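Structure at a glance
Read off the chains here:
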Amino acid sequence: MTTIRDLFDHNRAWAAEMERTRPGFFTGLVKQQRPKFMWIGCSDSRVPANQITGLEPGEVFVHRNVANVVVHSDLNALSAIQFAVEMLKVEHIMVVGHYGCGGVMAALHGSRIGLADNWIRHIQDVRDRHKALLESLAPERRADALVDLNVIEQVVNVGVSTVMVDAWAKGQKVTVHGWAFGVHDGLLQDLGMSVSSTESLESLYPAAVARAAARAG
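Below: a short report on this structure.

Helix and strand counts for the protein come out as 10 helices and five strands. For the protein, whose C-alpha radius of gyration is 19 Å, the value lies close to the compact-globule estimate of 17 Å for 217 residues. With respect to the three principal axes, the spread of C-alpha positions in the protein is 55 × 50 × 30 Å. The buried share of the protein, taken over its 217 residues, is 43%. Within the protein, contacts between residues separated by at least 24 positions form 61% of all contacts whose residues are at least 6 apart in sequence.

Before going further, it helps to spend a moment on helix α5 (residues 102-109). Where α5 is concerned, the buried positions are Gly 103, Val 104, Ala 106, Ala 107 and Leu 108. Contacts made by the buried residues of α5 are with α6 (117-129) and α8 (142-159).

At a minimum axis separation of 9 Å, α8 and helix α10 (residues 198-216) run at an interaxial angle of 170°. By the angle between their axes, α8 is roughly antiparallel relative to α10. Where α8 abuts α10, its residues Ala 145, Asp 148, Leu 149, Ile 152, Glu 153, Val 155, Val 156 and Gly 159 lie against Leu 201, Tyr 205, Ala 208, Val 209, Ala 212, Arg 215 and Ala 216. Among the residues forming the contact of α8 with α10, the class breakdown is 11 nonpolar, one polar and three charged.

So, about the environment of Gln 154. When you line up the elements, Gln 154 lands in helix α8. Relative accessible area serves as the criterion here: at 2%, Gln 154 is assigned to the buried category. Ignoring anything within four residues of it in the chain, the contact list for Gln 154 reads Asn 68, Val 69, Val 70, Val 95 and Val 126.

Let us now look at the pattern of salt bridges. In the structure shown here, the tally under the stated rule is 10 salt bridges. When the shortest N-O distance is used, the salt bridge between Glu 17 and Arg 20 registers 2.8 Å. Placement of both Glu 17 and Arg 20 in helix α1 (residues 4-21) is noted, with a separation of three residues, approximately one turn of the helix. Overall, Glu 17 belongs to the partly exposed group, its relative accessible area being 38%. A residue is classified by how much of its surface remains accessible, and Arg 20, at 59% relative accessible area, is exposed. Between Asp 117 and Arg 112 there is a salt bridge, with the nearest N and O atoms lying 2.5 Å from each other. In this structure Asp 117 comes out as buried when scored by relative accessible area, which is 15%. A network of salt bridges, in which partner residues are shared, links Arg 121, Asp 125, Arg 127 and Asp 128.

Conventions used here
- Residues numbered from 1 in each chain as written.
- Predicted model: local features only at pLDDT ≥ 70, side-chain atom pairs only at ≥ 80, totals over all residues.
- Heavy atoms only, no water.
- Helix = DSSP H or I, 4+ residues; strand = E, 2+ residues; numbered from the N terminus.
- Rg over C-alpha atoms; globule rule 2.2 N^0.38 Å.
- Buried < 20%, exposed > 50% of the residue type's maximum accessible area, 1.4 Å probe, protein only.
- Contact = heavy atoms within 4.5 Å.
- Axes fitted to C-alpha atoms, helices over the stretch in contact; angles between N-to-C directions.
- Parallel < 35°, antiparallel > 145°, perpendicular 65-115°, else oblique.
- Nonpolar A, V, L, I, M, F, W, Y, C, P; charged D, E, K, R; others polar.
- Salt bridge = Lys/Arg side-chain N within 4 Å of Asp/Glu carboxyl O.

Structural measurements only, silent on function.
Here you go:
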């Protein structure tokens, strides 16, 4: 069983190995973070942004919560997005869901968890919005479809935020992408929802939803 003491031991071994193989790595890291990427993902411990994408410390700015939800009342998420866009000048924001997501499963089946039910209600809104689509699918395919649909809806929420509306109005080049990660195979899937302007939201949304339905059908 891994203990807290083991975590410190692993950390020291990792830091020593990094300094041995790449002298000056931490000296360079402390000077400035200039990531091109922001990752908005689920808090699930099986979905680590850096390892999945092969990016190193300093290369991706990360915000995580239960089921990768972005809502307009969440000042935590919106502040992170604003910092990434306005201060760090990231070029890509990836909203990343994952198959087998517990939050999505709870929303799909109406399971009660506790305080988190209030957060999962946002995913239930996605479920209800696409009720006809989901009910047209085989029961065993609905969870994966809702993962995809939830990502697509959260890309929309990022895209219509004041942060992105203002950035695009100023001509800033930043694209919001919708992806899903397969815990079962370690692979990322592009959901065809990559938005680089306010205008592109409307045209890309129905096609992305249709692709989600086709993948699950």
